[in-house]
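Chain by chain, the residues:
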Amino acid sequence: MAALSCAMRVPARMPALACLAGCGGERSFSSKGYKIRRVRYPWKTELQKETWKFLKQDMISYFQNAPERDSTVYIRAEPWPKFTMKEMLVEKGLLPGVISKYGPNRKVTFNKAEMEALAFDEPQGHLSHLFKGRLFRVHIGKWIEECVVTDVSVHPVEQELMFVRFDRHIPGKMSVVPIPVSISGLWGCPGYRKGGHVDVMLPTVLCEVVGEQIPPPLVVDVSNLHLEEPFGKITLRDMLPLLPKDGTVRFAREYSMDEEVITCYDPKALGEVPLPHDWQDPNFDHRGGRYHLTFTGFWPKQTTRT
């Protein structure tokens, strides 16, 4: 009877929730028009105005004190055991190698897994360009050899190293090193935003190095690369400011400085040209001939000698 009398007193246009509230339920508040009044303290307002100055100065100090880009690798090696064949070392998980030039040849062995992690930086990729474009400081007992990779033997299919050859790098002596090229600012490239295709024509650039350090990969900014006719380009001449200011590194003299390193073109404007009938994939070339993948792992050696 009490609930019935309550319902008779409540107007019909009011919701049932108001009835429950009037009958002893909790009081309900509508979120419409309900605002939290925040107090703006003077000290807080002043700090918010001055925050960016401190943040900007902190960012500048961080980048100024950050270490320079360096691709040098520190790795340990052991002398090559006497009367041991290369195949026996590979079976034991070791990678045989030789350090030559500017001194006696030094035969060494590396941890195969450690060296392969440096050589293959992509899960399904080929040999990294940076593997031949960086300085290795090899610790062999009490000796430290500074050298660069000049030759490497790789399995034709698997990501597996078989042999690696180094040349010593002596400051004051010229070493020709292929330095990798990478791009930055692609999302801000005007040619790319217009539908153009940005392509790296020279993934590595041969550089003559006479200093103590091998320069890190060349990072080219493409934020000013436009889609021109027939194509926009960045040449070696445009990349001269990327070289060290001390003059210890220069591009190889075989270049004319007009080689296109990065291009931006419209793929729809280029017609397809069939390959010549005698074209051969250079990825299967070997010092002894060409790889035959059909009989990989079987005798005889899978190269065709010419």
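Residues numbered from 1 in each chain as written. Predicted model: local features only at pLDDT ≥ 70, side-chain atom pairs only at ≥ 80, totals over all residues. Heavy atoms only, no water.

*Asks:* A description of the overall build of the chain should follow, citing residues and the corresponding values.
*Replies:* Looking only at helices and strands, one finds six helices and 16 strands in the chain. When each of the 306 residues of the chain is scored for burial, the buried share is 30%. Within the chain, counting contacts between residues at least 6 apart in sequence, those at least 24 apart form 64% of the total. Of the roughly 22,100 Å² of accessible surface on the chain, 57% is carried by carbon and sulfur atoms. (Helix = DSSP H or I, 4+ residues; strand = E, 2+ residues; numbered from the N terminus. Buried < 20%, exposed > 50% of the residue type's maximum accessible area, 1.4 Å probe, protein only. Contact = heavy atoms within 4.5 Å. Areas by Shrake-Rupley, 256 points an atom, 1.4 Å probe, with all protein chains shown as cover.)

*Asks:* I'd like a rundown of the pairing of strand E7 (residues 161–168), residues and numbers included.
*Replies:* Judged by how many residues are buried, E7 sits mostly within the fold: six of eight residues are covered. Note that strand E3 (residues 94–100) and E7 share four bridges and pair parallel. Directly across from Ser100, in E7, lies its bridge partner Asp167. Where strand E6 (residues 143–154) meets E7, seven bridges bridge the pair, whose relative direction is antiparallel. Pairing of Val148 across the sheet is with Asp167, part of E7. Once E6 ends, the chain turns through six residues before running back antiparallel as E7. (Pairing = 2+ DSSP bridges.)

*Asks:* With reference to specific residues and values, describe the sheet that holds strand E13 (residues 249–251).
*Replies:* Sheet strands pair by backbone hydrogen bonding; their relative direction is either parallel or antiparallel. Read across the open sheet, the four strands follow the order E11-E8-E10-E13; overall the sheet is mixed. Edge positions in the open sheet fall to strand E11 (218–221) and E13, since each of these has one partner strand only. Here the strands of the sheet are splayed against their neighbours by 40° on average, with no regard to which way each runs. Pairing geometry for strand E10 (residues 204–209) and E13, over three bridges, is antiparallel. Residue Val209 lies in a different strand from E13, and its bridge partner there is Val249. (Axes fitted to C-alpha atoms, helices over the stretch in contact; angles between N-to-C directions.)

*Asks:* A description of a positive patch on the surface should follow, citing residues and the corresponding values.
*Replies:* A cluster of basic residues, Arg38, Arg40, Lys44 and Lys49, forms a positive patch on the protein surface. Take Lys49: it is sitting in helix H3 (residues 42–65). For Lys49, a relative accessible area of 60% gives the class exposed. (Patch = residues over 30% accessible without salt bridge, like charges linked within 9 Å, V, L, I, M, F, W, Y side chains within 5 Å. Salt bridge = Lys/Arg side-chain N within 4 Å of Asp/Glu carboxyl O. Lys, Arg positive; Asp, Glu negative; His and termini not counted. Charge placed at Lys NZ, Arg CZ, Asp CG, Glu CD.)

*Asks:* Please provide a residue-by-residue account of the confidence of the model for the chain, values included.
*Replies:* The predicted model of the chain averages 82 in pLDDT, with 83% of residues at 70 or higher. Under a pLDDT of 50 for its full length, residues 1–23 has, in the predicted model, six contacts with residues more than four places off or in other chains. (pLDDT = per-residue confidence, 0-100.)

*Asks:* How would you sum up the nonpolar core? Please name residues and give values.
*Replies:* The tendency in soluble globular proteins is for nonpolar side chains to be buried side by side. One finds Leu225, Leu236, Met239, Phe251 and Ile262 to be the most contacted residues of the largest nonpolar core, which totals 27 residues. Mapped by element, the contributors of at least two residues to this core are strand E8 (175–184), E10, E11, E13 and strand E14 (260–265). Discounting chain neighbours no more than four positions away, the residues touching Phe251 are Val205, Leu206, Cys207, Glu208, Leu218, Leu236, Met239, Leu240, Leu243 and Met257. Membership of the second largest hydrophobic core comes to 20 residues, among which are Ile140, Leu161, Val164 and Phe166. (Core = buried A, V, L, I, M, F, W, Y, C linked by side-chain atoms within 4.5 Å.)

*Asks:* Help me get a handle on the side chain of Arg134, residues and values and all.
*Replies:* By secondary structure assignment, the location of Arg134 is in the loop between helix H5 (112–119) and strand E5 (136–140). The buried charged residue Arg134 lacks any salt bridge partner; its closest oppositely charged side chain belongs to Asp121, at an N-O distance of 7.0 Å. In this structure the side chain of Arg134 is engaged in a polar contact, spanning 2.9 Å, whose partner is the backbone oxygen of Ser71. Beyond its immediate sequence surroundings of up to four residues, Arg134 is in contact with Ser71, Val73, Cys147, Val148 and Ile214. (Polar contact = N/O pair within 3.5 Å; in protein donor to acceptor, adjacent residues only side chain to side chain.)

*Asks:* Describe unusual backbone geometry, with residues and values.
*Replies:* Omega for the bond connecting Glu229 with Pro230 falls within 30 degrees of zero, at 0°, which places this linkage in the cis form. Tracing the sequence through the fold places Pro230 in the loop between E11 and strand E12 (232–235). A positive phi angle, near 55°, is found at Phe83, a position not held by glycine. One can find Phe83 in the loop between strand E2 (78–79) and helix H4 (86–91). Owing to a relative accessible area of 84%, Phe83 belongs among the exposed residues under this scheme. In this model, Met257 sits at a positive phi of 70°, which is unusual for a non-glycine residue.

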